[in-house]
Amino acid sequence: MEFDFAAEQPKFLMLMYGLIAFVAVVGGLLLLLDVVPAWFARRREAQLVAVSVSGAPLPRRRKPREGMFALFFLLPTVLLLTIGLVVPAIRTMLLSFMDANGNDWVGLRNYGWMFSENSIVRVLINSLVWVFLVPLAATSFGLLYAIMVDKARFEAVAKSLIFLPMAISFVGASIIWKFVYAYRGEGEQQIGLLNQIVVSLGGEPKQWLLESPLNTLLLIVIMVWIQAGFAMVVLSAAIKAIPADIVEAARLDGVTPWQMFWRITMPSIKPALIVVVVTLSIATLKVFDIVRTSTNGNYETSVIANEMYNQAFRYGQNGQGSALAVFLFILVVPIVIYQIRNLRQQREG
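In this text, all values refer to a predicted model and were calculated from it rather than measured experimentally.

Quick notes on the rules
Residues numbered from 1 in each chain as written. Predicted model: local features only at pLDDT ≥ 70, side-chain atom pairs only at ≥ 80, totals over all residues. Heavy atoms only, no water. Helix = DSSP H or I, 4+ residues; strand = E, 2+ residues; numbered from the N terminus. Rg over C-alpha atoms; globule rule 2.2 N^0.38 Å. Contact = heavy atoms within 4.5 Å. Areas by Shrake-Rupley, 256 points an atom, 1.4 Å probe, with all protein chains shown as cover. Lys, Arg positive; Asp, Glu negative; His and termini not counted. Charge placed at Lys NZ, Arg CZ, Asp CG, Glu CD. Core = buried A, V, L, I, M, F, W, Y, C linked by side-chain atoms within 4.5 Å. Buried < 20%, exposed > 50% of the residue type's maximum accessible area, 1.4 Å probe, protein only. Salt bridge = Lys/Arg side-chain N within 4 Å of Asp/Glu carboxyl O. Phe/Tyr/Trp six-rings, centres within 6.5 Å; stacked < 30°, edge-to-face > 60°.

Enquirer: Before we go on, may I ask you to explain the overall build of the protein chain in this structure?
Expert: What the protein chain contains, in helices and strands, is 14 helices and zero strands. Counting from the amino terminus, helix and strand elements in the protein chain follow one another as α-α-α-α-α-α-α-α-α-α-α-α-α-α. Compactness check: the protein chain gives a C-alpha radius of gyration of 28 Å against a globular reference of 20 Å for 349 residues, more than 25% above the reference. On the principal axes, the C-alpha backbone points of the protein chain span a range of 95 × 75 × 55 Å. Residue pairs in contact within the protein chain that sit at least 24 positions apart in sequence constitute 63% of those at least 6 positions apart. As presented, the protein chain carries roughly 22,400 Å² of accessible surface, and 68% of it is formed by carbon and sulfur atoms. Across the protein chain, the centroid of the 28 positively charged side chains sits 13 Å from that of the 22 negatively charged ones.

Enquirer: What is the right way to look at unusual backbone geometry in this model?
Expert: Between serine 212 and the following residue, proline 213, the backbone shows a cis peptide bond with an omega angle of 5°. Positionally, proline 213 belongs in the loop between α7 (193-200) and α8 (214-240). The backbone of glutamate 300 sits at a positive phi, close to 60°, despite the residue not being glycine. Note that glutamate 300 resides in the loop between α12 (289-294) and α13 (304-314).

Enquirer: Help me understand the nonpolar core in this model?
Expert: Generally speaking, soluble globular proteins have nonpolar side chains that are buried together. Ranked by size, the top nonpolar core spans 42 residues in total, and within it Trp130, Tyr181, Ile222, Ile269 and Ile290 carry the most contacts. Where this core is concerned, the elements lending two or more residues are α4 (118-149), α6 (170-180), α8, α9 (244-252), α10 (257-268), α11 (270-285) and α12. A total of 13 residues in this core trace back to one element, the largest contributor, which is α8. Residue contacts for isoleucine 290: discarding those within four places in its chain leaves Trp130, Phe170, Ser174, Leu219, Ile222, Met223 and Ile226. Tyr111, Ile282, Ile304 and Leu324 belong to the second-largest nonpolar core, a separate cluster that totals 18 residues.

Enquirer: Honestly, the pattern of salt bridges in this entry has me stumped. Any pointers?
Expert: Should their charged atoms come close, side chains of opposite charge can pair. Enumeration over the complete set of coordinates arrives at three salt bridges. Here lysine 159 and glutamate 155 are joined by a salt bridge, their closest N and O atoms 2.8 Å apart. With lysine 159 and glutamate 155 both in helix α5 (residues 155-163), this residue pair falls four residues apart, about one helical turn. Given a relative accessible area of 15%, glutamate 155 falls into the buried group. A salt bridge links arginine 251 to glutamate 248, with the nearest nitrogen and oxygen atoms 3.8 Å apart. A residue pair is termed a helical-turn pair when its members lie 3 or 4 positions apart in one helix, as arginine 251 and glutamate 248 do in helix α9 at three residues. Where salt bridges share partners, they join Glu155, Lys159 and Lys240 into one cluster.

Enquirer: When you look at the packing of aromatic side chains in this model, what are you seeing that I'm missing?
Expert: In this description, an aromatic ring pair is defined by two values, namely the gap between the centres and the angle between the planes. Inspection of the entire model under this criterion finds eleven aromatic pairs. Their ring planes at 50° and their centres at 5.7 Å tell us that tryptophan 177 and tyrosine 181 sit as a pair that is tilted. Assessed through its relative accessible area of 16%, tryptophan 177 is described here as buried. Aromatic rings pair up to connect Phe97, Trp105 and Tyr111 into one cluster.

Enquirer: Would you explain the side chain of serine 174 in this entry?
Expert: With respect to the helices and strands, the residue serine 174 is situated in helix α6. Taking relative accessible area as the criterion, serine 174 reaches 0% and is therefore assigned buried. In this structure, serine 174 is in contact with Ile222, Asp289, Ile290, Thr293 and Ser294, ignoring residues within four places of it in sequence.

Pasting the structure below:
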């Protein structure tokens, strides 16, 4: 098969434009972060040398110039945040009050649809189940792992194996677990691990991802499997940061392991626990890949992010998709505010 350069010319042009844009952006960043500060530093050094030679008093830096210099560095970040975050957020909020095409103003109709349509109410319930179970289960397993492997003989190896799922993308993990839940007809050789275990115990194989609400719980297992390693790493570091003299004093007082856990370990790692729960809650609210890859949101497994994508990009309902996006943002904001306040209190304390 011969290569047709003329047919592929638009792709090469697109690639060339991308390379030019990349060079321009990288070059601009290097200019801002290296060349410009170096020029100001050389200029300041020359002024100091001239002053030392002439014996004149050292010139004082003017604060307005320092403010302009700081603004010069902040401007690219502010510009990128405005273009990539603020403007799309405002546009999404406006679209949530408009019709499917984004032309006519419909007020709160899209939000009313969200809470009156049975299928969307099911999506909201699924999201609540996710955000309740995933942080609770992942944090619990992470804490259990952290305590079990702490000061174990092969601690580094055990932690690496537990953390390994974090290195897998959500899509890759979903594909792996789809094989675990795979189903073959009755009487056939089962290739899914779960069905093979059921058959070996004398049971009947099932199409696990088709049965609601069990399928939602099975998808939650994938998220917990991935995030438990993250929780384990954070909590293990917090456990190791507990002062040794406190642990020794508790042991001298004759506390039991159970009392050690509830009276020493848990109060000491409470800030780390809050960070883990908050981080997992936000990640769970935004979950999309697992549902999309495993069931495509079918069989009553859809969540807010997946339904938002369906409404906006599959069904062409921009208003309804934007309403779901705004509602997801509203759910995330209180968690972020709580985390900011918690970090501020820790800093002040």
